[in-house]
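Each chain, letter by letter, is given below.
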Amino acid sequence: MAQIIIPTPLRKFTNNESTFTTKGATVKEAIADLTTTHNGLAKHILDDQNNIRTFIRIYVGDDDINTLEKDATAISDSTVVSIIPAIAGGC
Amino acid sequence: MNNTQESANAREYKNTRTRAHDKIKILPQALEVMQKDGIESFPNECCGFLYGSETDVRQIELAVPVVNSKEGDQRRRFEISPLAYMKAERFAIENNTTLLGVYHTHPQHPAIASEHDLAKAMPYFSYVILSVIDAKVDDVKSWRLYDDKRAFYEETVELENFS
Ligand SMILES: [Zn+2]
């Protein structure tokens, strides 16, 4: 089963678990599985239309899903999916 | 109990509830890495990840610089690429540590979190800011989002050997 790495700022919604194991066959299914299991996560990852928020990136392995097939990207047992918040700032 | 006391107690409760964690200890080796990065990158901003442990007090044990991937002028902006972030979380898992925050510098500016910092801030993370004035580290402060509102509070930074 594929593994999703939860970024530390969102781990308070997963009982401090750093990873989540899912049977989802696509990124969309995996995220749906994650956010229904830990439903406090949903609003941080998905917008009102259930699309991935613009300031959140999803990587499958080393690739941004925006360069693959977006949330229809297929995942397999050995896949590691990463949820990545945008980090930026200034002065 | 009179009304004044009661509201003071209510305020006190609110403060302790929203600011349960407000201390951050930065170990010398981590501070050294940030200072060096800040000075070498001057007059541009630099940035990096902070790792450590959290028991009663949040403790930063390791600072790892990353490339400032902001395109264009970097004197007042920084950005960390998604790939670098992904690797940072993987590093934490592989090394049995925790990604606790991000540092960056404010060249020729005070170590006060800016509106640009607030716009992209994530809850839980400590945002350590080093003020670098004329290529010298002048001040170190740390900021963290409240759990229940979109604003920063200042964490009390505990340093050893800051010079
Ligand atoms: Zn800043």
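Further up the page is the structure itself.
Residues numbered from 1 in each chain as written. Chains lettered and ligands numbered in written order. Predicted model: local features only at pLDDT ≥ 70, side-chain atom pairs only at ≥ 80, totals over all residues. Heavy atoms only, no water.

(A) Structural view of the overall build of chain B. The helix and strand inventory of chain B stands at 4 helices and 8 strands. Put simply, chain B has 163 residues, and 41% of those count as buried. For chain B, the proportion of contacts with a sequence separation of at least 24, taken over those separated by at least 6, is 64%. Accessible surface computed for chain B: about 8700 Å², of which carbon and sulfur atoms make up 48%. (Helix = DSSP H or I, 4+ residues; strand = E, 2+ residues; numbered from the N terminus. Buried < 20%, exposed > 50% of the residue type's maximum accessible area, 1.4 Å probe, protein only. Contact = heavy atoms within 4.5 Å. Areas by Shrake-Rupley, 256 points an atom, 1.4 Å probe, with all protein chains shown as cover.)

(B) Region of interest: the interface of chain B and chain A. The interface of chain B with chain A comprises 31 residues on the first partner and 23 residues on the second. Both sides of the chain B and chain A interface together cover about 2300 Å² of buried area, and 67% of this is carbon and sulfur. A salt bridge links D62(A) to R90(B); the nearest nitrogen and oxygen atoms lie 3.3 Å apart. For the interface between chain B and chain A, the tally reads 13 residue pairs in polar contact (both at pLDDT 80 or more). Ranked by the residues each element gives to the side of chain B that touches chain A, the list is headed by helix α3 (residues 82–94) of chain B, at 7 residues. Considering only residue class, the side of chain B that touches chain A consists of 15 nonpolar, 6 polar and 10 charged. Sheet analysis places strand β6 (residues 87–90) of chain A next to strand β4 (residues 77–80) of chain B, joined by 4 bridges and oriented antiparallel. Counterpart to G89(A) in the pairing with β4(B) is F78(B). (Buried area = accessible area lost by both parts, 1.4 Å probe. Salt bridge = Lys/Arg side-chain N within 4 Å of Asp/Glu carboxyl O. Polar contact = N/O pair within 3.5 Å; in protein donor to acceptor, adjacent residues only side chain to side chain. Nonpolar A, V, L, I, M, F, W, Y, C, P; charged D, E, K, R; others polar. Pairing = 2+ DSSP bridges.)

(C) Fine view of the sheet that holds strand β8 (residues 152–159) of chain B. All names here are of chain B. As summarised here, the arrangement of the 7 strands in space is β1-β3-β2-β5-β6-β7-β8, forming a closed barrel in which the pairing is mixed. Averaged over all neighbouring strand pairs, the angle between strand axes comes to 35°, with direction disregarded. Across 3 bridges, the pairing between strand β1 (residues 23–26) and strand β3 (residues 58–66) is parallel. Following the sheet pairing, I24 is matched in β3 by R58. Packed onto the sheet, helix α2 (residues 28–41) meets β1, β2 (47–54), β3, β5 (98–107), β6 (126–133), β7 (136–145) and β8 and runs at close to 30° relative to β3. (Axes fitted to C-alpha atoms, helices over the stretch in contact; angles between N-to-C directions.)

(D) Examining the environment of I52(A) more closely. All names here are of chain A. Counting through the fold element by element, I52 comes out in the loop between α2 (42–45) and β3 (56–60). Overall, I52 belongs to the partly exposed group, its relative accessible area being 22%. Setting aside anything within four residues of it in sequence, one finds I52 in contact with I45, L46, I58, I65 and D71.

(E) Region of the structure containing the side chain of D64(A). Residues and elements named next belong to chain A. Relative to the assigned elements, D64 resides in strand β4 (residues 63–64). Judged by its relative accessible area of 9%, D64 is buried. A distance of 2.9 Å separates a polar side-chain atom of D64 from the backbone nitrogen of N66.

(F) Structural view of the side chain of R144(B). Residue and element names in this part refer to chain B. Here R144 shows up in strand β7. Of the residues examined, R144 reaches a relative accessible area of 5% and is grouped as buried. At 3.5 Å, the side chain of R144 and the backbone oxygen of Y124 are in polar contact.

(G) Broad picture of the coordination of the zinc ion. Protein-derived coordination of the zinc ion comes from G90(A) (O), H104(B) (NE2), H106(B) (NE2), D117(B) (OD) and D117(B) (OD), at a distance range of 2.0 to 2.5 Å. With one member in each of two chains, G90(A) in strand β6 and H106(B) in strand β5 form a pair that bridges those chains. Taken as a pair, G90(A) and H106(B) share a single burial class, namely buried. (Donors = N, O, S within 2.8 Å, 3.2 Å for Na, K, Ca; no water.)

(H) Local environment of α3(B). Taking 1.5 Å per residue, 13 residues should reach 18 Å; α3(B) reaches 18 Å between its end C-alpha atoms and fits that length. Among all positions in α3(B), only P82(B), A84(B), Y85(B), M86(B), A88(B), E89(B) and A92(B) are buried. (Expected span 1.5 Å × (residues − 1).)

(I) Fine view of the sheet that holds strand β1 (residues 2–5) of chain A. With mixed pairing, the 5 strands of this open sheet are ordered in space as β2-β1-β5-β3-β4 (chain A). Single-partner strands in this sheet number two, and they are β2 (19–22) and β4 of chain A. Pairing analysis gives 3 bridges linking β1(A) to strand β5 (residues 80–85) of chain A, with the strands arranged parallel. Considered in β5(A), the bridge of I5(A) is made with S82(A). Most of the contacts of helix α1 (residues 27–37) of chain A go to β2(A), to which it runs at about 120°, and overall it touches β1, β2, β3 and β5 of chain A. Packed on one face of the sheet, α3(B) meets β1, β2, β3 and β5 of chain A and runs near 115° to β5(A).

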